[in-house]
Amino acid sequence: MSRPAITLKHIGKTWTPEGRAPVEALRDFSLDVMPGEFVVFLGPSGCGKSTLLYMIAGLEEVTGGTIHQDGHEVKEPSAERGLIFQEASLFPWLTIADNVAFGLSIRGTPKLKRRDIALDILRSVGLGDMGDKKPDELSGGMRQRAACARALAMRPKVLMMDEPFAALDVQTRAKMQDFLLQIWRDSGASIILVTHSIDEAISLADRVVVFTARPGRVKTIVPIDLPRPRPSRDPRYHAYRDQFAELLADEVDRAFAEQEA
Amino acid sequence: MTTTTGSIPQAKHVPALSPRIRRGLASAGWGLASIGLFAGIWEALWAMGLANPLLLPPPHMFLGDIPTTLTFFDHNARIGSTDRGEGSVLPLLNTMLWTTMRVVLGLFIGFSAGVAVGALVHYVKLLRNLLLPTILLLAPISPVAWLPVAIFVFGIGDVPAIFLVFITVFFSIVLATVSQIEAVPKNYIHVARIMGATERQTFWRVILPAILPGLFMILRLNLFAAWMVVLIAEAVGVGTGLGQITSMARATFNAKLVFFTMAIIGVLGFSFDWGLRAIQRKLLWWVAPGQGVS
C-alpha cells in the first residue's frame, strides 16, 4: 500500500478569543487521505471542517497533533496543497489568463511560457476563449472554473475545496460537480471537499468523513461503493442519503442542545 | 450602424453616428444649455438693472475685453511686477501653469507619502502605536490653519503652497490606506500565500492593486479642497499665481478681473477632474465605470 498523501494525527484546535473563554473547535482528529483519493468532509455548520481544511493548507496553526504531506510536516502554505474558496476570489485587476498564471509568475516562469500554460489549462476547464476577459465578465460557475484552473496550474498534489459550489444555483452546481470529477481524473490529485450537502457528498466522494458537532471529531467514515456517475434515483443512493441524514440529525440535535444549555 | 442606412431612405444622407459620439454630443449640448441658462439669467439681471456691473459684471463684460484683462498677467505670475505683460496670452498660461504645478506636485507627494506612511503604520506595530494617535489628532485640522506654519518654516515661495496641498491629501490618504488594507479580502492574501508569494510580493502585487481604486477616489474627492487651498496659499504665502491675481483684483476693486480669474479657475478645476478620471480609466482599467469609483 502506498504512502498517504495527507496524514492527520490527533489534530486539535482551540481558539482563544481575547477576553473570552477558549473554544475547542477540533479534538483528536486522525485521518489518512490516499493519493488520488476523493474525500468529502460532511458535518453540521460550526463543526470545524473548514478550519481543518485551512490547517491542512497551512493557513491556520494546529494547537495539537501533526499534519504531514507526503511524509513532510506541514508548517506553511504551499502550492502543492491548492485551496479553493466558496467565492472564486480571482484578482479583479488581472485578466483570467493572468489570474491563472499568477502562481507561475511568483515562481518566476517566463512570461510567454506561463501564458501558454495558462491558456492550456483554461482550455481543459472549458474556458479556452476567456483568457483575456476580466473576472467580473464571467458567470459564477465560470469564475469558479477559473479558480480551479489557477490552483491546477501549480500541479497540486492535493486540491482542497471549501464549499466551492455553495454560492451557485442548482443547475450550475450539478454541472460543476461533473466538471470537478473530470479534473480530478485528469489531474490525479487527491481532493478534499468540505460541504454540508448530503447529495454533494454522495455524488462525489470515495469516502465521506462525517464530523461530530463542536468540538469536531471523526464520527464515522463511510465509503461510497457506487460506480460514477451516481444517479439519485438509484435505491442504493437513497440508502446512503438516509444513513447520512440520520448521522447528521444526531449531531445537529446535540449542537442545539449544547447551545441551549 | 452600417447595415441600416440602406433600408431607411430618409436617413440616407445623415451619417450614422456611433452611440458613443451621440452620447458625447448630447452631454455637451446639455452642458452648453446649462451654462447658457446661468449666463443668460445673469445677463438679464444686468439688463434689468438688478446687477450692478461694477460689482457683478455679467459674462460679456469680463470675457469681452480679454486683451485689456490679459495685461494684468505677467511673466512673474503677479500683479504689480516690473515685467508687465503686453496683453499676450503667454503670461496668462504661465500663471495657470505655476498654479497647476503647485497642485500637481502637492497631490503627487501627498498621495505617495500617504500610501507609504499608511502601509508602514499598518505593517509595523511600533510605528502604528507611535504615529497613529498623532495622525488622528492632526487629520481634522483644516489645511488652511497650516498656512502660518508653512510660511514660518518654508518662507514665502512655492513650498508653502505645495505643502498645503500636500497636507490636504496626506492625512486622508494615510487613514484611507490603513483602513483599505484592513478591508482587503482575506482570501486574496490566502491565495498569494498558497502561491508562495513573499510579504513584499504580496504587497506590490495584491494589496496595492486591491486598495488603489479606493485611494484614487479619496484623491479625487480631495481635489477641489486642494484647489481651494492652493489659491489661499498663493494669495498669502506665495505672492504669485492665480490666487494672488484674485486677491489683488479684489484689493484694487477690479471685478472684471476677479470674475475672469474665477472662470479660469473653474475651467482648470474641471479639466483636472476630467484628467484624473482619464488616468483612472487607464491605470485602473478593471474598475467598471459607474461602479462606485467612476
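Residues numbered from 1 in each chain as written. Chains lettered and ligands numbered in written order. Predicted model: local features only at pLDDT ≥ 70, side-chain atom pairs only at ≥ 80, totals over all residues.

1. Notes on the domain arrangement of chain A
Residue and element names in this part refer to chain A.
Moving on, step 1. Domains assigned within chain A are domain 1 (1-19 + 35-80 + 156-261) and domain 2 (91-155).
Moving on, step 2. For domain 1 versus domain 2, the distance between C-alpha centres works out to 26 Å.
Moving on, step 3. Sorting elements by how many residues they give to the side of domain 1 that touches domain 2 places helix H6 (residues 170-187) first, with 7 residues.
Moving on, step 4. Class assignment for the residues of the side of domain 1 that touches domain 2 results in 9 nonpolar, 2 polar and 2 charged. (Domains from an automatic or database assignment. Helix = DSSP H or I, 4+ residues; strand = E, 2+ residues; numbered from the N terminus. Nonpolar A, V, L, I, M, F, W, Y, C, P; charged D, E, K, R; others polar.)

2. Quick look at the sheet that holds strand E6 (residues 81-84) of chain A
Residues and elements named next belong to chain A.
Moving on, step 1. The sheet built from 6 strands is open, its strands ordered E6-E7-E8-E3-E9-E10 with mixed pairing. Each edge of the open sheet carries a strand with a single partner, namely E6 and strand E10 (218-223). Taken over all neighbouring pairs, the strand axes of this sheet differ in orientation by 15° on average, direction set aside.
Moving on, step 2. Pairing of strand E7 (residues 158-162) with strand E8 (residues 190-195) involves 5 bridges; the strand directions are parallel. Bridged to Met 161 within E8 is Leu 193. (Pairing = 2+ DSSP bridges. Axes fitted to C-alpha atoms, helices over the stretch in contact; angles between N-to-C directions.)

3. Brief notes about the UniProt feature "domain: ABC transporter" (unreviewed entry) in chain A
Moving on, step 1. Taking the numbering used here, the UniProt-annotated feature "domain: ABC transporter" (unreviewed entry) corresponds to residues 6-238 of chain A.
Moving on, step 2. Helix makes up 33% of residues 6-238 of chain A and strand 26%. Its end C-alpha atoms lie 30 Å apart. (UniProt positions renumbered as here; feature names shortened; annotations may be inferred.)

4. As for the sheet that holds strand E4 (residues 64-69) of chain A
Residues and elements named next belong to chain A.
Moving on, step 1. Strands sit in the order E2-E1-E4-E5 across an open sheet of 4 strands; the sheet is antiparallel. Strand pairing shows two members of the sheet lacking a second neighbour, strand E2 (23-33) and strand E5 (72-73), which therefore form its edges.
Moving on, step 2. Here strand E1 (residues 6-15) pairs with E2 via 7 bridges, running antiparallel. Bridge assignment links Lys 13 to a residue of E2, and that residue is Leu 26.

5. Digging into unusual backbone geometry
All names here are of chain A.
Moving on, step 1. Of note, the amide linkage connecting Arg 214 to Pro 215 takes the cis form, showing an omega dihedral of -5°.
Moving on, step 2. Take Pro 215: it is sitting in the loop between strand E9 (207-211) and E10.
Moving on, step 3. Phi angles above zero are rare outside glycine, and Asp 70 is one such case at about 50°.
Moving on, step 4. Phi at Arg 155 takes a positive value of approximately 50°, unusual for a residue other than glycine.
Moving on, step 5. Along the chain, the position of Arg 155 falls in the loop between helix H5 (140-152) and E7.
Moving on, step 6. Taking the number of C-beta atoms within 10 Å as the measure of exposure, Arg 155 has 15 and is therefore partly exposed. (Buried ≥ 20, exposed ≤ 12 C-beta atoms within 10 Å, placed from the backbone.)

6. Considering the interface of chain A and chain B
Moving on, step 1. Taken together, the contacts link 19 residues of chain A with 15 residues of chain B.
Moving on, step 2. The set of elements that each furnish at least two residues to the side of chain A that touches chain B consists of E6 and helix H3 (102-107) of chain A.
Moving on, step 3. Among the residues making up the side of chain A that touches chain B, the classes are represented as 12 nonpolar, 3 polar and 4 charged. (Contact = placed C-beta atoms within 7 Å.)

7. Digging into the confidence of the model for chain B
All names here are of chain B.
Moving on, step 1. Overall, the prediction assigns chain B a mean pLDDT of 85, with 88% of residues at 70 or greater.
Moving on, step 2. Averaged pLDDT values for the elements of chain B fall to 79 in helix H3 (residues 66-70) and rise to 94 in helix H8 (residues 186-194).
Moving on, step 3. For residues 1-8, every residue scores under 50 in pLDDT, and the model assigns this stretch 6 contacts once sequence neighbours within four places are set aside.
Moving on, step 4. With a pTM of 0.81, the predicted complex shows an ipTM of 0.90. (pLDDT = per-residue confidence, 0-100.)

8. Description of the nonpolar core
For soluble globular proteins, the rule of thumb is that nonpolar side chains tend to be buried together.
Moving on, step 1. In this structure, Leu 122 of chain A together with Leu 164 of chain B are the most contacted members of the largest nonpolar core, which totals 128 residues.
Moving on, step 2. Top element by residues in this core is helix H7 (residues 158-183) of chain B. It accounts for 14 residues.
Moving on, step 3. There are two domains that each give this core at least three residues, and those are domain 1 (1-19 + 35-80 + 156-261) and domain 2 (91-155) of chain A.
Moving on, step 4. When sequence neighbours within four positions are dropped, the list of residues in contact with Leu 164 of chain B reads Pro 143, Trp 146, Leu 147, Ala 150, Val 229, Val 230 and Ala 233 of chain B. (Core = buried A, V, L, I, M, F, W, Y, C linked by C-beta atoms within 7 Å.)

9. As for the UniProt feature "transmembrane region" (unreviewed entry) in chain B
Moving on, step 1. Residues annotated in UniProt with the feature "transmembrane region" (unreviewed entry) correspond here to residues 30-51, 103-123, 135-156, 162-181, 202-219, 225-245 and 257-276 of chain B.
Moving on, step 2. Taken end to end, residues 257-276 of chain B comprises 100% helix and 0% strand; its first and last C-alpha atoms sit 28 Å apart.

10. Describing H5 of chain A
Residues spaced three or four apart along an α-helix face the same direction, because each turn holds 3.6 residues.
Residue and element names in this part refer to chain A.
Moving on, step 1. Here H5 is 13 residues long and its end C-alpha atoms lie 18 Å apart, about the 18 Å a rise of 1.5 Å per residue gives.
Moving on, step 2. For H5, the tally of buried residues reaches 11 of 13 residues, placing the bulk of the element in the interior.
Moving on, step 3. Residues of H5 that are buried include every one of Gly 141, Arg 143, Gln 144, Arg 145, Ala 146, Ala 147, Cys 148, Ala 149, Arg 150, Ala 151 and Leu 152, and no others.
Moving on, step 4. Packing partners of the buried residues in H5 comprise E6, helix H2 (96-100), H3, helix H4 (111-124), E7 and H6. (Expected span 1.5 Å × (residues − 1).)

11. Comments concerning the packing of helix H6 (residues 147-154) of chain B against H7 of chain B
Residue and element names in this part refer to chain B.
Moving on, step 1. In contact at an axis separation of 9 Å, H6 and H7 are set at 140° when each is read in the N-to-C sense. In terms of axis orientation, H6 runs oblique to H7. In the crossing of H6 with H7, the sense of the turn from one axis to the other is right-handed. Residue-level contacts link Leu 147, Ala 150, Ile 151 and Phe 154 of H6 to Val 159, Pro 160, Phe 163 and Leu 164 of H7.
Moving on, step 2. Of the residues assigned to the contact of H6 with H7, the class counts are 8 nonpolar, no polar and no charged. (Parallel < 35°, antiparallel > 145°, perpendicular 65-115°, else oblique. Left-handed = near helix turned anticlockwise from the far one by under 90°.)

12. Things to note about the packing of H7 of chain B against helix H10 (residues 223-238) of chain B
Residue and element names in this part refer to chain B.
Moving on, step 1. At their nearest, the axes of H7 and H10 sit 9 Å apart, and the two run at 155° to each other. Comparing the axis directions of H7 and H10 gives the class roughly antiparallel. Considering only the axes of H7 and H10, their crossing is right-handed. Here Asp 158, Pro 160, Ala 161, Leu 164, Val 165, Thr 168 and Val 169 of H7 come into contact with H10, specifically with Ala 225, Ala 226, Val 229, Val 230, Ala 233, Glu 234, Gly 237 and Val 238.
Moving on, step 2. Split into classes, the residues belonging to the contact of H7 with H10 amount to 11 nonpolar, 2 polar and 2 charged.

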